[in-house]
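This is what each chain is made of:
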Amino acid sequence: MIVDDHQMVRDGIKTMLSTQPKSFSFETSEAECGEEAISKILSETFDIVLMDYQLPDINGPEVITKVLNIKPKEKILAFSSYDEYACILNMKNAGAKGYVLKNISPRELILAIDTVLKGRRYYAQEVTDKINFYRRKRVKNKAQQEKFGITNRQFEILRLISDGMTNDNISAELNVAKRTVDSHRQNLLDKFGVNNTAALIKKATELGVI
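Residues numbered from 1 in each chain as written. Predicted model: local features only at pLDDT ≥ 70, side-chain atom pairs only at ≥ 80, totals over all residues. Heavy atoms only, no water.

1. As for the overall build of the protein chain
For the protein chain, the count of helices and strands is ten helices and six strands. For 210 residues, the compact-globule estimate of 2.2 N^0.38 gives 17 Å, and the protein chain exceeds it by more than 25% at 22 Å. Along the longest, intermediate and shortest principal axes, the C-alpha atoms of the protein chain span 65 × 30 × 30 Å. Within the protein chain, the proportion of its 210 residues that are buried is 41%. Counting contacts in the protein chain only where the partners sit at least 6 residues apart, residues at least 24 apart contribute 59% of the total. Counting every atom, the protein chain has about 11600 Å² of accessible surface; 49% of that belongs to carbon and sulfur. (Helix = DSSP H or I, 4+ residues; strand = E, 2+ residues; numbered from the N terminus. Rg over C-alpha atoms; globule rule 2.2 N^0.38 Å. Buried < 20%, exposed > 50% of the residue type's maximum accessible area, 1.4 Å probe, protein only. Contact = heavy atoms within 4.5 Å. Areas by Shrake-Rupley, 256 points an atom, 1.4 Å probe, with all protein chains shown as cover.)

So, in structure tokens, the structure goes:
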């Protein structure tokens, strides 16, 4: 099953698969939106699904989540032009068995499909590099967080502050009282020895906490 909202992309994938050595005999079905994909995947049997991230109705991670809630053994390979870490993580957390980019070579696409069909995971090298980079960054951030005695809740609030959220927004996002957020924000200012939000974000970034 090829899930992508562009006919040209779907046709390109089919051409890529058909021109490779006959290791597999592909019979393909297509869907151009998330709801169509869900309907077909749940009513038919596919060995593997190639899933785009951005679709016109619901996105790839949502489709994957809905499908796997009903057919948990479905093998889904993310096939996207998005190489942002957030997109990779969303597809991975939703249950995709791998992630490749649309600039992939026909030979690597076959390798990715074969790997997933055998029950393993496959990530394109660019995707693997990005995952490893953010893993190292997360470890570094955690070490700095502990060094400055920042609790997990304070770190969460600090991250939201750096995203430009107000205390009212953070209160609603985390479902905690605004006075609790006020208190954590003041504790963060004290721990970093600064007097305002701009200085807090600047110093936390310089020190590698966020």
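Next comes the rest of the description.
2. What to know about the environment of Phe24
You can see Phe24 is positioned in the loop between helix 1 (7–18) and strand 2 (30–31). Measuring from C-alpha to C-alpha, the distance between Phe24 and Ala96 comes to 21 Å, with 72 residues separating the pair along the chain. With sequence-adjacent residues up to four places away left out, Phe24 is seen in contact with Ile110, Asp114 and Leu117.

3. Some points on the nonpolar core
Soluble globular proteins tend to bury their nonpolar side chains together. Counting 46 residues, the largest nonpolar core has Met51, Tyr99 and Leu109 as the members making the most contacts within it. Those residues in contact with Leu109, other than ones at most four positions away along the chain, are Ile13, Met16, Leu17, Leu50, Phe79 and Ile104. Ranked by size, the runner-up nonpolar core spans 16 residues in total, among them Ile157, Val176, Phe192 and Val194. (Core = buried A, V, L, I, M, F, W, Y, C linked by side-chain atoms within 4.5 Å.)

4. Remarks on unusual backbone geometry
Phi is positive for Asn175, which is not a glycine, with a value near 60°. Mapped onto the secondary structure, Asn175 falls in the loop between helix 8 (167–174) and helix 9 (178–192).

5. Structural notes on the pairing of strand 5 (residues 98–101)
Residues Gly98 and Val100 of strand 5 are buried on one face, and the alternating residues Tyr99 and Leu101, pointing to the opposite face, are buried as well. Both strand 4 (residues 76–80) and strand 5 contribute to a ladder of three bridges, which runs parallel. Bridged to Ala78 within strand 5 is Tyr99. With respect to chirality, the unit in which strand 4 leads through helix 4 (residues 85–94) into the neighbouring parallel strand 5 is right-handed. Across two bridges, strand 5 lies against strand 6 (residues 122–123) in parallel orientation. Each bridged residue has a counterpart across the sheet, and for Gly98 the counterpart in strand 6 is Tyr122. Running through helix 5 (residues 106–117), the crossover from strand 5 to the neighbouring parallel element strand 6 is left-handed. (Pairing = 2+ DSSP bridges. Right-handed = clockwise from strand over helix to strand, strands pointing away.)

6. Re the environment of Ile70
Of note, Ile70 is situated in helix 3 (residues 60–70). Here Ile70 falls in the exposed class, since its relative accessible area comes to 57%.

7. So, helix 2 (residues 34–43)
Of the positions making up helix 2, those classed as buried are Gly34, Ala37, Ile38 and Ile41. Angularly, the buried residues of helix 2 cover 100° about the axis, an arc narrow enough to put them on a single face. Tucked inside the fold, the buried residues of helix 2 contact strand 1 (2–3), strand 2, strand 3 (49–51) and helix 3. (Arc of directions from axis to C-beta.)

8. Observations concerning the packing of aromatic side chains
Taken as a whole and assessed by the stated rule, the structure comprises one aromatic pair. Arranged with centres 5.8 Å apart and planes meeting at 65°, the rings of Tyr53 and Tyr82 form a pair that is edge-to-face. Taken together, the residues Tyr53 in the loop between strand 3 and helix 3 and Tyr82 in the loop between strand 4 and helix 4 connect sequence positions 29 residues apart. Given a relative accessible area of 30%, Tyr82 falls into the partly exposed group. (Phe/Tyr/Trp six-rings, centres within 6.5 Å; stacked < 30°, edge-to-face > 60°.)

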